[in-house]
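So you can see what is in the structure, the chains are spelled out below.
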Number of protein chains: 2
Amino acid sequence: MKIVALEAHDVRFPTSRELDGSDAMNPDPDYSAAYVVLRTDDGLEGHGFCFTIGRGNDVCVAAIEAHAPLVVGTDLDLGDLGGFARRLVHDSQLRWLGPEKGAVHMAAAAVVNAAFDLAGRAAGLPVWRLLAEMSPEQIVDLADWRYLTDVLTPARALEILQDAKTGRAERTEKLLATGYPAYTTTPGWLGYSDEKLVRLAREAVADGFTQIKLKVGANLDDDIRRMRLAREAVGPDIRIAVDANQRWDVGPAIEWTKALAPYGVYWIEEPTSPDDVLGHAAVRRAVAPVKVATGEHIANRVMVKQMLQAGALDVLQIDACRVAGVTENVANLLLAAAHGVPVCPHAGGVGLCEAVQHISMFDYVAVSGTADDRVIEYVDHLHEHFTDPVRIVNGRYAAPTAPGMSTEMRAASLAAHAFPDGEVWRS
Amino acid sequence: MKIVALEAHDVRFPTSRELDGSDAMNPDPDYSAAYVVLRTDDGLEGHGFCFTIGRGNDVCVAAIEAHAPLVVGTDLDLGDLGGFARRLVHDSQLRWLGPEKGAVHMAAAAVVNAAFDLAGRAAGLPVWRLLAEMSPEQIVDLADWRYLTDVLTPARALEILQDAKTGRAERTEKLLATGYPAYTTTPGWLGYSDEKLVRLAREAVADGFTQIKLKVGANLDDDIRRMRLAREAVGPDIRIAVDANQRWDVGPAIEWTKALAPYGVYWIEEPTSPDDVLGHAAVRRAVAPVKVATGEHIANRVMVKQMLQAGALDVLQIDACRVAGVTENVANLLLAAAHGVPVCPHAGGVGLCEAVQHISMFDYVAVSGTADDRVIEYVDHLHEHFTDPVRIVNGRYAAPTAPGMSTEMRAASLAAHAFPDGEVWRS
């Protein structure tokens with residue numbers, strides 16, 4: 001099948017008007033998607049996007065369009081999506097803008113995920129299941145092994161996948177029956193009042209969630225008060241994670257986390273720069289038993305490799321659209337499995353829940369083989385704009401069954417939120 | 001003074017037609033600049049750019065334009081260029097595309113360097129001298145200290161700068177008299193024939209260079225032959241560096257470097273991914289006394305910090321336009337000085353020699369206080385397109401004396417190489 005068109009869209013939601021999504025580093029996000037549609041000559045479509053928080057979404061749209069010459073007019077071999085992704089990521093000129101980071105890499109995520117969405121539709125399967133039904137050899141071939149082999153070889157990855165073959169069918173059945181665990185960030189945005197925090201925290205427990213998350217990092221006294229209120233609201237048995245969104249240097253990260261620890265902090269997320277492997281390792285050593293979690297801004301698998309090598313993380317938070325899509329996340333899952341580190345994806349924003357659930361469900365069925373201590377982030381924003389929105393049942397993600405990667409936005413939503421000319425922005 | 005306009009230009013040179021600039025990872029570069037002009041209400045202009053190798057230059061142009069709302073209409077305080085840079089880099093929405101990496105960060109480099117070019121013109125000084133005449137306190141204030149303080153505090157940086165105050169005047173005089181040492185990559189492009197390599201290597205020595213560099217990494221037998229021919233051509237006393245441009249995983253990097261070492265390799269440059277701090281450290285431990293050099297693709301000061309923390313580098317190769325311009329390179333120089341690691345900038349491309357010479361000369365006069373074992377890369381390409389091109393005299397960069405950062409391209413060159421409509425591309 002031949003790809004005959006790549007269409008890019010600048011889609012933005014005016015979320016800053018309500019302070020949804022506000023945190024210590026991102027006080028005013030307008031959740032946005034640089035959105036791509038791939039069309040083939042046999043009438044199939046694939047939808048993908050990368051997520052931004054407003055200004056700069058146009059840069060990602062330009063970066064998606066920069067991939068058009070590599071994609072349009074080429075044959076898409078659904079049996080070699082690893083090769084498809086590697087051709088994009090290693091383009092001899094585009095790679096200069098990374099390599100493998102920033103806007104071009106996020107654009108590659110959008111295009112690669114669109115190709116997987118298309119592959120799922122072609123196979124009549126949700127992407128988690130398309131992946132989970134591949135042979136270990138096929139899965140190994142999806143990953144880009146460049147720069148990984150000092151820590152994980154394809155041969156060792158194959159062993160991990162072969163070990164996990166046992167029980168695939170049972171886990172698939174269980175997943176379809178009971179879903180995958182979630183946690184919710186809905187109560188914890190920094191812009192919310194104490195009253196709203198407490199109310200939403202109680203509602204989260206009532207809705208079946210066993211973990212919530214609070215944004216921290218703007219003011220220590222406020223954070224201690226909010227942490228205390230949240231703990232009182234949810235009781236001793238609910239996990240409370242906190243998220244600093246890269247606010248601190250290493251020293252303050254340690255002090256601040258220790259000040260919150262008496263209220264029962266499950267993990268401290270993004271305590272410092274996502275590039276700071278050695279800094280995260282220092283924080284982790286200092287704040288244990290509080291866990292350290294990072295990943296939504298980790299640029300690529302080389303950084304994931306080092307985070308694991310350096311013992312810098314207790315929890316790896318992959319993002320569906322920051323690294324180069326499904327294929328690079330296959331490498332990230334394998335690296336995490338090899339190090340025994342649970343993957344608890346970043347989600348929220350717009351469409352990130354829809355996309356990343358497929359990665360975690362594949363991890364459960366065919367890579368790590370477990371959902372113990374794994375949770376996918378859930379935020380109750382903007383799902384109504386997707387044709388196959390996530391469904392949360394009793395604090396768990398129900399496994400999607402529709403073909404594709406759940407990444408298709410409703411046509412009316414695309415039109416209304418087109419930036420700057422859609423009706424939402426004109427008004 | 002108020003900034004009244006930000007103009008961005010997509011400028012490309014068809015260098016791939018001659019295989020100038022060819023290496024193991026970049027076989028066909030079209031040297032390009034995403035170029036910016038800042039205009040002020042008092043008629044001053046500042047020129048800056050970031051460098052790319054062709055496809056994707058438009059993405060950097062879009063990223064530069066995305067900075068316009070942060071810049072146009074604002075007052076430019078020439079006494080607070082550190083603050084100017086921090087406002088760009090930490091924009092609460094744009095930073096999502098990095099943070100501090102990739103296209104948005106390269107765009108910040110272009111805009112920040114343009115502001116320094118403008119400041120140099122306003123002061124009637126070349127930028128190296130503008131910087132070298134600042135007080136230690138002013139220099140410390142240029143840098144962005146976020147994420148650095150676990151390794152280098154502003155207070156310690158101030159001590160380094162105060163120590164280097166002694167002798168500033170003498171070093172300035174010496175620099176004006178004799179220039180700053182250079183090395184040349186001109187002989188060593190991978191696309192060149194053996195005969196051309198030998199001829200250009202001999203010419204380099206005759207021209208006064210004491211170090212040359214060869215591109216390696218495509219084929220080991222070829223590299224051994226080329227290294228042997230180069231060594232025979234230049235004799236035992238000229239340093240030969242080799243540059244793999246990120247071609248290898250850690251294991252092959254070590255093996256390949258060891259195979260070339262008998263011919264006298266001064267440094268191995270970019271042996272593996274520029275993100276791989278721990279990988280570089282492993283290579284360095286294994287290949288000593290061959291030195292390890294990296295930096296042209298190091299995304300930001302947080303990565304520089306870790307490279308130095310981990311003992312991963314013998315030589316730091318800053319780039320003028322990859323990190324966020326002069327201000328982030330001030331931080332990089334201070335980090336290197338604190339670790340006793342020499343800075344030998346990456347240059348070449350289009351305009352990188354012109355821009356980065358200012359950083360090294362400032363380093364010599366006011367930061368490290370020495371040019372021992374320091375060299376700026378020199379490549380004899382495309383200088384004719386600049387209004388104040390570098391001048392190489394007996395293998396050394398002559399200190400620029402014209403006001404600004406030497407970053408202004410000739411108007412006729414801008415017009416002819418405009419992509420895709422300039423005459424060079426229409427033909």
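Note that the structure is predicted; figures quoted are calculated from it, not measured. (Residues numbered from 1 in each chain as written. Chains lettered and ligands numbered in written order. Predicted model: local features only at pLDDT ≥ 70, side-chain atom pairs only at ≥ 80, totals over all residues. Heavy atoms only, no water.)

### So, the domain arrangement of chain A
All names here are of chain A.
Next, step 1: Annotation of chain A at the domain level lists domain 1 (3-146) and domain 2 (168-412).
Next, step 2: Each of domain 1 and domain 2 has a C-alpha centre, and these two points are 21 Å apart.
Next, step 3: Facing 55 residues of domain 1, the contacting portion of domain 2 comprises 56 residues.
Next, step 4: For the pair domain 1 and domain 2, the summed buried surface comes to about 4,300 Å²; carbon and sulfur atoms form 67% of the total.
Next, step 5: The largest contributions to the domain 1 side of the interface with domain 2 come from Phe-13, Phe-49 and Trp-128, which together make up 17% of the buried area.
Next, step 6: Summed over the shared surface of domain 1 and domain 2, the number is three salt bridges.
Next, step 7: Taken together, the elements giving at least two residues each to the side of domain 1 that touches domain 2 come down to strand 2 (32-40), strand 3 (45-52), helix 3 (81-89), helix 4 (102-123), helix 5 (127-132) and helix 6 (136-142). (Domains from an automatic or database assignment. Contact = heavy atoms within 4.5 Å. Buried area = accessible area lost by both parts, 1.4 Å probe. Salt bridge = Lys/Arg side-chain N within 4 Å of Asp/Glu carboxyl O. Helix = DSSP H or I, 4+ residues; strand = E, 2+ residues; numbered from the N terminus.)

### Here's the deal with a negative patch on the surface
Residue and element names in this part refer to chain A.
Next, step 1: Among the surface-exposed residues, Asp-41, Asp-42, Asp-75 and Asp-77 lie close enough to one another that they form a single negatively charged patch.
Next, step 2: Locating Asp-42 in the fold gives a position in the loop between strand 2 and strand 3.
Next, step 3: With a relative accessible area of 47%, Asp-42 lands in the partly exposed category. (Patch = residues over 30% accessible without salt bridge, like charges linked within 9 Å, V, L, I, M, F, W, Y side chains within 5 Å. Areas by Shrake-Rupley, 256 points an atom, 1.4 Å probe, with all protein chains shown as cover. Lys, Arg positive; Asp, Glu negative; His and termini not counted. Charge placed at Lys NZ, Arg CZ, Asp CG, Glu CD. Buried < 20%, exposed > 50% of the residue type's maximum accessible area, 1.4 Å probe, protein only.)

### As for the sheet that holds strand 1 (residues 3-12) of chain B
Residue and element names in this part refer to chain B.
Next, step 1: The strand order across the open sheet formed by three strands is 1-2-3, and the pairing between neighbours is antiparallel. Each having just a single partner strand, strand 1 and strand 3 (45-52) make up the two edges of the open sheet. Across this sheet, the average inter-strand angle for adjacent strands is 15°, counted without regard to direction.
Next, step 2: Of the strands in this sheet, strand 1, strand 2 (32-40) and strand 3 touch helix 1 (residues 57-66), which is tilted by about 175° from strand 1. (Pairing = 2+ DSSP bridges. Axes fitted to C-alpha atoms, helices over the stretch in contact; angles between N-to-C directions.)

### Notes on the relation of the copies chain B and chain A
Next, step 1: Rotating chain B by 180° and translating it 0.0 Å along the rotation axis places it on chain A, where the RMSD comes to 0.0 Å. Both chain copies can therefore be described as sitting about a two-fold axis. Closest approach to the rotation axis within chain B is made by the C-alpha atom of Gly-102 of chain B, at a distance of 2.1 Å.
Next, step 2: Most of the interface of chain B is mirrored in chain A: 98% of its interface residues are interface residues there too. (Least-squares fit on C-alpha atoms with pLDDT ≥ 70 in both.)

### Some details on unusual backbone geometry
All names here are of chain A.
Next, step 1: Put simply, Gly-98 and Pro-99 share a cis peptide bond, and its omega is -10°.
Next, step 2: With respect to the element layout, Pro-99 can be found in the loop between helix 3 and helix 4.
Next, step 3: Residues Phe-419 and Pro-420 are joined by a peptide bond in cis, for which omega reads 5°.
Next, step 4: Note that Pro-420 resides in the loop between helix 16 (411-416) and helix 17 (423-426).
Next, step 5: Positioned with a positive phi, Asp-373 is a non-glycine residue whose angle comes to about 55°.
Next, step 6: Inspection of the secondary structure puts Asp-373 in the loop between helix 15 (352-367) and strand 10 (376-378).

### Let's talk about the interface of chain B and chain A
Next, step 1: Facing the 62 residues of chain B at the interface are 61 residues of chain A.
Next, step 2: A buried area of about 5,300 Å², summed over both sides, lies between chain B and chain A, and 54% of it is on carbon and sulfur atoms.
Next, step 3: In terms of surface lost to chain A, no three residues of chain B exceed Arg-55, Gln-93 and Trp-96 of chain B, which account for 18% of the buried area on that side.
Next, step 4: Ionic pairing is found between Asp-276 of chain A and Lys-305 of chain B, a salt bridge with its closest N-O pair at 2.5 Å.
Next, step 5: Linking chain B with chain A are 36 residue pairs in polar contact (both at pLDDT 80 or more).
Next, step 6: Those elements that place two or more of their residues in the side of chain B that touches chain A are strand 3, helix 1, helix 4 (102-123), helix 12 (277-287) and helix 13 (301-309) of chain B. (Polar contact = N/O pair within 3.5 Å; in protein donor to acceptor, adjacent residues only side chain to side chain.)

### Details of the sheet that holds strand 2 of chain A
Each strand in a sheet pairs with another by means of backbone hydrogen bonds, the pair being arranged parallel or else antiparallel.
Residues and elements named next belong to chain A.
Next, step 1: The three strands lie next to each other as 1-2-3, forming an open sheet whose pairing is antiparallel. A single partner strand is all that each edge strand has here, and the edge strands are strand 1 (3-12) and strand 3. Across the sheet, the mean angle from the axis of one strand to that of its neighbour is 15°, orientation sign disregarded.

### Re the pairing of strand 2 of chain B
All names here are of chain B.
Next, step 1: Across the nine residues of strand 2, eight count as buried, placing the element largely inside the fold.
Next, step 2: Pairing geometry for strand 1 and strand 2, over nine bridges, is antiparallel. Across the sheet, residue Arg-12 finds its bridge partner in strand 2, namely Ser-32.
Next, step 3: Looking at chain direction, strand 2 and strand 3 are connected through eight bridges and run antiparallel. Paired with Ser-32 across the bridge in strand 3 is Thr-52.

### Remarks on the pairing of strand 5 (residues 211-215) of chain B
Successive residues of a regular strand alternate their side chains across the two faces of the sheet.
Residues and elements named next belong to chain B.
Next, step 1: Counted residue by residue, strand 5 has five buried out of five residues, so it is predominantly covered.
Next, step 2: In the sheet, strand 4 (residues 180-188) pairs with strand 5 via two bridges, with the strands oriented parallel. Bridging across to strand 5, Gly-188 finds its partner in Leu-214.
Next, step 3: As a crossover connection, the stretch from strand 4 through helix 9 (residues 194-206) into strand 5 is right-handed.
Next, step 4: Of the pairings in the sheet, the one linking strand 5 to strand 6 (residues 239-243) comprises five bridges and is parallel in character. Within the sheet, the bridge partner assigned to Gln-211 lies in strand 6 and is Arg-239.
Next, step 5: Crossover connection from strand 5 via helix 10 (residues 220-234) to parallel strand 6: handedness right-handed. (Right-handed = clockwise from strand over helix to strand, strands pointing away.)

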